[in-house]
Structures are given as C-alpha cells and as structure tokens.
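Architecture at a glance
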Amino acid sequence: MDSTVDTPTPDRGTDAEPHDRWEWLEDIHAPASLEWVGARNAATEAMLHDGRYRALESSILSVLDADDRIPMATKRGGFYYNFWRDAAHPKGLWRRTTWDSYRGETPDWQVLLDVDALAAAEGVDWVFAGSRLLRPADGGEYQRALLRLSPDGGDAVEIREFDLATAAFVPGGFTLPAGKTQVGWDGPDAWYVATDFGPGTLTRSGYARTVRRVERGMDPARAPEAFSVDASHVMAAVSVDQTPGFGHVTATDVIDFFNTRTSILRAGTWMPIDVPTHVRVGIHRGWLLFSPQQDWDLGSRHLPAGSLAVADLEDFLSGGRTVTSVFTPDAATSLQSTSFTADHLLLNVLHHVSSQILVADPAAGWSLRPLDVGAGTHLDLSVAAVDDEDPDTANDYWLVSSGFLTPATLSRGRIGAGAPQPVKSSPPRFDATGLEVQQHFATSDDGTQVPYFQVGPTDLVHDGGNPVLMNGYGGFETSLTPSYSAVVGLSWLRREANTGRDGVYVLANIRGGGEYGPSWHRAALRENRHRAYEDFAAIARDLVARGVTTPGHLAATGRSNGGLLVGNMLTRYPELFGAISCGVPLLDMRRYTRLSAGHSWIAEYGDPDVPGDWEFIRGFSPYHLLDEALAAGTRFPPALIWSATSDDRVGPVQARKMAAKMLDAGVPGIWYHESLEGGHAGASDNRQSAQMLATSYEFLWRTVA
C-alpha cells in the first residue's frame, strides 16, 4: 500500500477565481468569526424567539423528553441495552435490563453510565456516541465494552474501556484521545485502532489512513501497522467477526463513498475479495454477500445493480465463481437492508417507497417469500434479528413500523410462527383525525416520474391557499420514507394559519436518493446533479398546478446534502418558494473539498480542482450561483441559514459565508443562526434539538402561513 505522507491537494484553478472576501469566516473559532456569529444569532433570536416560538419549543421538547417513548433496545447476552434521554437526564443514561423486565410497562433498568454525572464530574459536555461490546467465551456474560464519547457532539470521539460488571471505567484500561477514530476488539486484550497517529496517518478526508493492532499495555503510537490505504482514499478500517467458529478478520479500503476493496486475513496476509470495487461485500459466517452498485457480469451470471447474491466463502476464495441470486430489483422495487437470523436472511425492501419485508431460506436455495408482518400501505418498516447466536432467540426478529399518521410500534416475532406481536407502542403525539396520506408523481424536466408523499386534510381545498412544507435530500443513496414525526405534526400539520388552514407536509423522493436503488442514485451523480434539483422543482410546480398551494405559501427545508438542495432552490428556483430553511449545508462547492470532511464526497459531486469537473460543479454551487442571481436582480424568498460551530463533518463555514454574502448584498429576509454545540446533527441533547427545530419551523410557518 502507498505509505507516502499526506500533502495538501494541489490548487489547480483557484487563482482564476475572484477573491472571496468572506473566506475569513472559515477560521471557525477565531474571535472575529465568533463575534460575527454572536451578532447574527442575537438578531435572529430577537426577531423570532418570542412567546409563540417559546410555546412551540416547549411542545417539541415535551415530545422529545416524553417518558412514554419506546426505549429501543439491543440484546447482548442476557441483557437488553438502551440509551435514553429525558428531562431529568438531558445528556442521557446508558442502561440495561432483562427481557422479562423490558416487556413490562415499567422496566427495571440498571444504569451503567450516567452521562450527565460524568460531564459534571469531569467538566466536559460529553455526548454518548455508542459502544462496542466484547463477545465473551461461550456461556459467559458480556463483561467489557469500548465506549465512544464526543466532547462536543461532533464526529471526533474519545475511546474508553468500560467494565459492565462494575459499571465503571476500567482503571488503567484502554483509552484514546478524541479523534475521528474507529476501534474494534480482537480478543480481550487487543484492539484494531484506526485513528490519527501523527503526520501521514490521515487521508485527505481527515479519516484514518492506517490501522494498527494494539495489545493491552502497549503505546498505540508504537503499535505495528496492520493495514493502510492511499491518502487520496476516504479511510481504512479493520473489523473482527466475533461469531464462534468463524472469527473472520477483514480490512476495508474505502476508496470513496461508492467504491471499496475488501480483504480477509489468511495466514497473516490480506487476501483480497476479487470483485469490482463497486460491489459491496459482506461476510456472514461461511457466506459471502455481493450487492453490485452497477450491472455486473460474473461468469455466466448477470447481476443487475441493486441485486443481492451469495457465494460460499471458501469456494470463492479458492477461485470458484458459483453464486446464487437472492434478490433482483425491478423498476419499482429496491433493497434497503438485510439482517441474518440463525437460519434465515431478512430483507427490507421498498416498493414505490413503501416497505415490504421478505425472508430468504438458505436451506431451500435462498428462496424468497414475504414475511407475515401484518403491515398496511405507505408505512416505514425496519427489521433486524434479535440475537442469532442465542439458541432461545435464534430466529427471532424485531420489527419497527410507523407511518406519517401512525405512531411507531415495536413488535417481536419468530420466523415461521405467524405475525409478530407488539411489545411497545408510542402514543399519538398529535391528532391525526381528518388527515390523510397521498402519493403523487411529478414529471421532471427529462420526463422522469418522481414520487412524493403529501400529508394533509382529507377535505383539502385546492385553491392554492394551503401552507405547504417540502422536505428533501436527494443524495448518497439515502432513502426518505413515510415514518412518523411528532415534530412535523405539532409544528406544521396541526397548526392553524390566519386563514384557518392547517399545514400540508410533502416528502420528496427525488433522484440522488436510494428509493429506487443504485440507478436512482447514480442518475443524479456529478455532472447529472442538476436532475435532483429539477425533480424537486418539478414537485413544487406540480403542487401549484394541482391547486395545493402557490409559491408564496410554499416552504422548503433540507439539511446537509439537503441543505445544498434547498440552497439550489434559493438561487436557481427562487420564484417557486416563499421561504427556505437551509441547515448544516454544503454551499461553496468550489472549496468544499478543503473544508472539514468534504474531500470524501468527491465521488458524489466531482472534484472542483479538476477544471472539467468545476465546469459542471459551478452549475450547482449556490455560493457562486448567487453572484449571477444578484447581477440579474433576482428576488429571493426569505431564508434561514443555520449550522453548528462543532460540526466537524460539513462545518459551519459554508453556511456563514452564504449568509454573510447575501446580507452584505442587501438581500432582505436573510437570517442566520448557529448552535455552539451539536455537531453535524445541529444538537447534542433534546433541549438543543427543540431549539433548532422550533427555530426552523417557526420561521417557515410565519413566512408562508
């Protein structure tokens, strides 16, 4: 593997760009930058944070802190683990209980870690970011875990070893300082660690380029390198399958978001899995799973993009190419996820963006059949094995079901034993009486039919007077599905405008997402990015054409890549919207690869340092499109641009610069708000979430309702 030291990306073309007078805002923590942020926050809060706002914030917080939420749990050994936040524990409790206790109305939880108490004791605003438990010897109970703790809600985490029996950190145990770190057990006294080990050990995306195997008591910086990747790739990772009798150690070279190379450790040597890099590879016990992102011809077999095939691991490694096709998509159907029980494979599938669950039987040639889950239409379902290693739960599964108007229900079933039985249900958080869900299709500029969900009154008046909120994403093969949101219900669907109308909510399933599989995603990659924005604009026009709303009553919201989406609505299609909420966004596509983790998204957007790429990237860079729009005298809809200081994924600087540029140009109705904590989520606890959500919804409602 390449072991050259990481160097800055050559600047091929920046000199041709005009000077950016707002580049100083890229210094995230500079006093001048924070002074600017403070002034903008004060202005936005003075304008918006009044009694109506505080009432909405309080109602959202009461939902987020509600004691009757479903405590989703993960089974490990004889315990069910859960992380929980509420009003008394805003930073949260990591806890566990038994099955008999869990299925009762008031489970008896054993608190393992009180994050609020830890933060108070150490003077650090810790945010719990997950755990990795060490599988014990057969018959034993889980004893150790590696905990991930973020000091500010960002992606950088500190690692600490935790004793489950004593509910305390291990004295002198394994620790790593905060960084974009991945770590996994290799037995009770060794770990594979991917982190920043100093110069030359990070990729240009800011993730680990090398992985080291660290034994207990060893200085990680002196541990031997186990695996490394080229600095231009996204990251290196090593994982250990703890399943008894298998114990595979695999290394992954994440070349970009959609191309990887997977190798398996054999006799101390990494043995590559010989497949194209676009084929996603999974290993489960003695099987290899293949999910190609492009059409793939393997010998005499044709495997279309988005399909799933399996092969015998040892046979494939020795040169055999016999594979069995498990799932083949069609024009309406895509595979979203899989999960193994002891004897079956569960598949979560979307059909026109509504969920279906299928089950494959390896003993019957991987034949597929629908799983009886008793679901209806326009629902979001997620399914996962409970614990395939425990004989008592070997073929049990969890099912979580919800819909726009249907609160979540957690059920548990056993394959072959009929429909799953409800375990816990969330109560309704808003009155859905008189509301309905419809699915429509808009015709995009190139003739593609683009689906969207519309949630609103059954007796909706089609005179264009309804306040409508559109939400979209359209990137990274991420699917937006019809799940329940109490926040949407309280903040939009059940609010009454001055005209007496309630709000209408629209979820846009535009290209770039994964709703119809890899082809739907690839249709809006790089030079075809404009298709995602044309799709969103087509839905906006369709809502107007159907008499649902008019541009003055139509709001749009999006975060992250969705922030880039609505940034393009603001600059390319301003006439279609009455208000925009643009959260934690990408906006300056000329410099995005040099900001935070931006280099890792080149496969999605293109490389602005390559002249041919910049030619098409500039066409969807809102920060640059703004110049043309200003020169043309464009009238922009009011916009709230918001971010978080601690966001180390996208970062706050693109949002800052966009707002500063528009304000300096005298564009009316432009507001900016930046949370000081929260990372890319924009919030690290329920209070911050309620503030962020209420700020966005209140701004949009006041503007278009």
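Analysis parameters
- Residues numbered from 1 in each chain as written.
- Predicted model: local features only at pLDDT ≥ 70, side-chain atom pairs only at ≥ 80, totals over all residues.
- Heavy atoms only, no water.
- Helix = DSSP H or I, 4+ residues; strand = E, 2+ residues; numbered from the N terminus.
- Rg over C-alpha atoms; globule rule 2.2 N^0.38 Å.
- Buried < 20%, exposed > 50% of the residue type's maximum accessible area, 1.4 Å probe, protein only.
- Contact = heavy atoms within 4.5 Å.
- Areas by Shrake-Rupley, 256 points an atom, 1.4 Å probe, with all protein chains shown as cover.
- Lys, Arg positive; Asp, Glu negative; His and termini not counted.
- Charge placed at Lys NZ, Arg CZ, Asp CG, Glu CD.
- Core = buried A, V, L, I, M, F, W, Y, C linked by side-chain atoms within 4.5 Å.
- Salt bridge = Lys/Arg side-chain N within 4 Å of Asp/Glu carboxyl O.
- Pairing = 2+ DSSP bridges.
- Axes fitted to C-alpha atoms, helices over the stretch in contact; angles between N-to-C directions.
- Parallel < 35°, antiparallel > 145°, perpendicular 65-115°, else oblique.
- Nonpolar A, V, L, I, M, F, W, Y, C, P; charged D, E, K, R; others polar.
- Left-handed = near helix turned anticlockwise from the far one by under 90°.
- Expected span 1.5 Å × (residues − 1).
- Phe/Tyr/Trp six-rings, centres within 6.5 Å; stacked < 30°, edge-to-face > 60°.
- Polar contact = N/O pair within 3.5 Å; in protein donor to acceptor, adjacent residues only side chain to side chain.
- pLDDT = per-residue confidence, 0-100.

1. Re the overall build of the protein chain
From N to C terminus, the protein chain includes 14 helices and 39 strands. For a compact globule of 705 residues, the expected C-alpha radius of gyration is about 27 Å, and the protein chain comes in at 25 Å, within 12% of that figure. Here the C-alpha coordinates of the protein chain stretch approximately 70 × 60 × 60 Å along the principal axes. Counting only residues that meet the buried cut, the protein chain has 58% of its 705 residues in that class. Counting contacts in the protein chain only where the partners sit at least 6 residues apart, residues at least 24 apart contribute 58% of the total. When the accessible surface of the protein chain is summed, it comes to about 27,200 Å², and 50% of that surface belongs to carbon and sulfur atoms. A gap of 1 Å separates the mean positions of the 59 positive and 88 negative side-chain charges of the protein chain.

2. Digging into the nonpolar core
Met470, Phe536, Ile539, Leu543, Phe577, Ile580 and Tyr605 are the most contacted members of the largest nonpolar core, which has 110 residues in total. Sort the elements by how many residues they give to this core and helix α14 (residues 686–704) lands first, with 9 residues. If we skip the residues at most four places from it in the chain, Tyr605 touches Phe476, Arg526, Arg529, Asn561, Leu564, Leu586, Met589, Tyr592, Phe616, Ile617 and Phe620. Counting 16 residues, the second-largest nonpolar core is a separate cluster that includes Leu112, Leu113, Tyr142 and Leu147.

3. Re the pattern of salt bridges
For the structure on display, the rule yields 44 salt bridges. As a salt-bridge pair, Asp387 and Lys75 come within 2.8 Å of each other at their nearest N and O atoms. Of the two residues, Asp387 is situated in the loop between β28 (379–385) and β29 (396–403) and Lys75 in strand β1 (residues 74–76); the sequence distance between them amounts to 312 residues. No difference in accessibility class separates Asp387 from Lys75, as the two residues are buried.

4. A word on the sheet that holds strand β27 (residues 367–370)
Backbone-to-backbone hydrogen bonds pair the strands of a sheet. The strands run either parallel or antiparallel. Reading across from one edge, β24-β25-β26-β27 is the order of the 4 strands in this open sheet, with antiparallel pairing throughout. The open sheet has two edge strands, β24 (333–340) and β27, and neither has a second partner. Here the average twist between neighbouring strands, direction ignored, is 30 degrees. Where strand β26 (residues 354–361) and β27 come together, 4 bridges link them in antiparallel fashion. Residue pairing for β27: Asp361 is matched across the bridge by Ser367.

5. Quick word on the packing of helix α12 (residues 622–631) against helix α13 (residues 653–664)
Helix packing geometry: the angle between the two helix axes and the distance between the axes. In the contact formed by α12 and α13, the axes pass within 10 Å of each other and the chain directions differ by 10 degrees. The orientation of α12 relative to α13 falls into the category roughly parallel. In contact with Pro622, Tyr623, Leu626 and Asp627 of α12, α13 contributes Lys657, Met658, Lys661 and Met662. Across the contact of α12 with α13, the residue classes break down as 5 nonpolar, no polar and 3 charged.

6. Regarding the sheet that holds strand β10 (residues 182–185)
If you walk across this open sheet you meet the 4 strands as β10-β11-β12-β13, and the pairing is antiparallel. Where the open sheet ends on each side, the last strands, each with one partner, are β10 and β13 (225–228). In this sheet, neighbouring strand axes are inclined to one another by 20 degrees on average, regardless of whether the strands run parallel or antiparallel. Across 5 bridges, strand β11 (residues 190–194) lies against strand β12 (residues 210–215) in antiparallel orientation.

7. Points about the side chain of Ser444
In this fold, Ser444 is placed in the loop between β32 (435–443) and β33 (449–457). Leave out the neighbours within four places in its chain, and Ser444 touches Val450, Arg511, Arg531, Glu534, Asp535 and Ala538.

8. A few points about the packing of helix α1 (residues 31–48) against α13
Across the interface, α1 lies against α13 with an axial gap of 12 Å and an inter-helix angle of 65 degrees. Regarding the angle of α1 to α13, the classification is roughly perpendicular. Viewed along their axes, α1 and α13 form a crossing whose handedness is left-handed. Note on element contacts: α13 touches α1 through Arg656, Ala659, Ala660 and Leu663, opposite Ser33, Leu34, Trp36, Val37 and Arg40. Partitioning the contact of α1 with α13 into residue classes produces 6 nonpolar, 1 polar and 2 charged.

9. Looking at unusual backbone geometry
Trans peptide bonds make up the majority, and among non-glycine residues the majority have a negative phi. Positive phi, normally seen in glycine, also occurs at Ala267, with a value near 55 degrees. Mapping Ala267 onto the fold places it in the loop between β16 (259–266) and β17 (269–272). Of note, the phi angle at Val353 is positive, near 70 degrees, even though the residue is not glycine. With respect to the element layout, Val353 can be found in the loop between β25 (345–351) and β26.

10. Re the environment of Leu435
Inspection of the secondary structure puts Leu435 in strand β32. Sequence separation of Leu435 and Val548 is 113 residues, and the distance between their C-alpha atoms is 15 Å. With residues near it in sequence (within four places) discarded, Leu435 still touches Leu405, Phe430, Gly456, Pro457, Thr458, Leu493 and Arg494.

11. Considerations on α13
Taking 1.5 Å per residue, 12 residues should reach 16 Å; α13 reaches 16 Å between its end C-alpha atoms and fits that length. Across the 12 residues that make up α13, a large majority, 10, are buried. Turning to α13, its buried residues are Val653, Gln654, Ala655, Arg656, Lys657, Met658, Ala659, Ala660, Lys661 and Met662. Looking at the packing, one finds that the buried side of α13 touches α1, α9 (561–572), α12, β38 (639–644) and β39 (670–675).

12. As for the packing of aromatic side chains
Tallying each qualifying case throughout the model produces 35 aromatic pairs. Look at Phe430 and Tyr484: their rings are 5.3 Å apart centre to centre, the planes differ by 10 degrees, and that puts the pair in the stacked class. Linking Phe430 in the loop between β31 (421–425) and β32 with Tyr484 in the loop between β34 (468–471) and α6 (486–493), this pair joins segments that are 54 residues apart in sequence. Under the relative-accessibility criterion, Tyr484 is labelled buried at 17%. Each member of the aromatic cluster is reached from another via a ring pair, and the members are Phe257, Phe258, Phe476, Tyr533, Tyr592, Tyr605 and Phe620.

13. Structural notes on the side chain of Ser339
Along the chain, the position of Ser339 falls in strand β24. Only 2.9 Å separates the side chain of Ser339 from the backbone nitrogen of Ala385, close enough to count as a polar contact. Those residues within four positions of Ser339 in sequence are excluded, and the remaining contacts are His344, Leu345, Leu346, Val383, Ala384 and Ala385.

14. Some details on the confidence of the model for the protein chain
For the protein chain, mean pLDDT is 94; residues scoring 70 or higher make up 97% of the total. For residues 1–16, every residue scores under 50 in pLDDT, and the model assigns this stretch 33 contacts once sequence neighbours within four places are set aside.

15. Here we look at the environment of Ser491
One can find Ser491 in helix α6. When neighbours within four sequence positions are excluded, Ser491 is seen to be in contact with Leu56, Ile60, Tyr697 and Trp701.

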